[in-house]
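Spelled out from the first residue to the last, the chains are:
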Amino acid sequence: MLNSSSRFRSPRLQGSTLLLLIGGFAALALALMWWRWGGTVEDSLAYYDTARYLRGEIPVGELRAPFPYRLLVPALAALAPGELHNSFATLNWLCITAAAVMIALTVQRLQLGRERAIVGGLLLIVSVPTVWYAPYLLVDPGAICARAAFVLAVVSGQPWLAAGAGILATAVREENIVLLFWLLAARQISLGAGLLALASAGGWLLAVRWWLITGLPSYVWAPSLQTLLNALADVRSLASIAAAVSLVLPLSLLGMRQAPPALRPLKSLLLLLALPPLYAALSVRVDGRAVWSLYPLLIPFAMCWRRPDAAPTTAGA
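Residues numbered from 1 in each chain as written. Predicted model: local features only at pLDDT ≥ 70, side-chain atom pairs only at ≥ 80, totals over all residues. Heavy atoms only, no water.

A look at the overall build of the chain
The condition is simple: Every helix listed is a DSSP run of H or I at least four residues long, and every strand listed is a run of E at least two residues long, numbered separately from the N terminus. The globule rule is 2.2 Å times the number of residues to the power 0.38, and the radius of gyration it is compared with is taken over C-alpha atoms. The classification of residues rests on relative accessible area computed with a 1.4 Å probe and restricted to protein chains. Under 20% of the type maximum is buried, over 50% is exposed, and intermediate values are partly exposed. Contact criterion: two residues are considered in contact whenever any of their non-hydrogen atoms come within 4.5 Å of each other. Using a 1.4 Å probe, accessible areas were evaluated by the Shrake-Rupley method; residue-level cover was limited to the displayed protein chains. All tallies of charge rest on Lys and Arg as positive and Asp and Glu as negative; His and the ends of each chain are not included. Where a charge lies is defined by one atom per residue type: Lys uses NZ, Arg uses CZ, Asp uses CG and Glu uses CD.
Check the secondary structure of the chain and you find 16 helices and 0 strands. The globule rule puts the C-alpha radius of gyration for 317 residues at 20 Å, and the 21 Å found for the chain is close to it. Referenced to the eigenvectors of the C-alpha coordinate spread, the extents of the chain come out at roughly 80 × 45 × 40 Å. In the chain, buried positions account for 47% of the 317 residues. When contacts within the chain are restricted to residue pairs at least 6 apart in sequence, long-range pairs at least 24 apart make up 79% of them. In the structure as shown, the chain presents an accessible area of about 15400 Å², 66% of it carried by carbon and sulfur atoms. Once the 23 positive and 13 negative side-chain charges of the chain are each reduced to a mean point, those two points are 14 Å apart.

Here you go:
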């Protein structure tokens, strides 16, 4: 006789299985990133120069705001031995691998099964944005990794870990301070702890702006209709956005109705995190990286689509 509360549980990702998963994700990410390893786009040059400045190779006057204020990843690349292109690409590879693993653990934590957990991690790695952007000298993989850690901590009921991930994410890219505002507004953390986390993240941003990187000209992102029209005429950027949206976004929208209780509060965070890219679209050029940065939230929702119900219970004799 089975107890009425008995539920089917699929094998968990732990021990040797987890190590095998990490190795598989790392190998796959490396294979997909290798063809563009250490490549550069326009933004990459600014991050590259930031790392060179931190190594003492160029003066501050050669830097271009706001990119030097996103200091954590260039600083790690500058501290790593060897050539900067390889350092950046290696950091991004590690961040993508770690993010995929944490997304898989998030899906498992939501009790959606080991198979869906593995598919969730693969959705991050085997995606057009990862294949195209992750090998470049960019800080986006670091932000995605920190966001994945934040989501895992929230669904695991660990507000202090979520706060730490939010502070780390803010050190990578300034708009991630939104994570901490949401954590406090959604009452996922106590008032005192939330304010302390916000003060820590805000203090870091101020220290970078006024102490660590000084002397840069100010910059303003001013929305304009012409910028939006230019963006709508940029076929390459639109194709990049379409490639990022094509699979993950439709699946996530379908899965939101079936999301378990631990995941549902993140719907409001998803909307909040979509605002900075929308503002950027009115102010500067935007591409598929805007959607890519939402993958740590979108993929767990996507894995909820047609999620299996609990195994039927057997009544006692």
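And the narrative resumes.
Topic: the packing of aromatic side chains
Inclusion rule: Working definition: a ring pair exists when centres of Phe, Tyr or Trp rings (six-membered ring for Trp) sit within 6.5 Å. Plane angles under 30 degrees give stacked, over 60 give edge-to-face, the rest tilted. Counted as over-ring charges are cases with an Arg CZ or a Lys NZ within 6 Å of the ring centre that also lie within 35 degrees of the ring normal.
Summed over the entire model, instances satisfying the criterion amount to 7 aromatic pairs. Every member of this aromatic cluster is reached through a ring pair, and the members are W35, W132, Y133, Y136 and W292. The positively charged end of R36 is found above the aromatic ring belonging to W35, 5.5 Å away from the centroid.

Re the nonpolar core
For soluble globular proteins, nonpolar side chains are generally found buried alongside one another. Our working rule: Here the nonpolar core consists of buried residues drawn from Ala, Val, Leu, Ile, Met, Phe, Trp, Tyr and Cys, with membership extended through side-chain atoms lying within 4.5 Å.
L124, F150, L266 and Y295 are the most contacted members of the largest nonpolar core, which has 85 residues in total. Beyond its immediate sequence surroundings of up to four residues, Y295 is in contact with I103, L123, L124, S127, P129, A244, V248 and P300.

Observations concerning the pattern of salt bridges
Put simply, the rule reads: Within this document, salt bridges are pairs made up of a side-chain nitrogen of Lys or Arg and a carboxyl oxygen of Asp or Glu, the two lying within 4 Å of each other.
One pass over the structure, following the stated rule, counts 8 salt bridges. Where R52 meets E57, a salt bridge forms, and the shortest distance between an N and an O atom there is 3.4 Å. Exposure remark for E57: the relative accessible area of 46% places this residue in the partly exposed category. Here the residues in one salt-bridge network are D43, D140, R173, E175, D287 and R289, joined through shared partners.

Side note on helix α9 (residues 177–185)
Along an α-helix, a turn takes 3.6 residues, which lines up residues three or four apart on a common side. Along α9, 7 of the 9 residues are buried, which leaves the element largely enclosed by surrounding structure. Turning to α9, its buried residues number three or more, namely I177, V178, L179, L180, W182, L183 and L184. Taken together, the buried residues of α9 touch α7 (140–155), α8 (159–172), α10 (191–212) and α14 (266–283).

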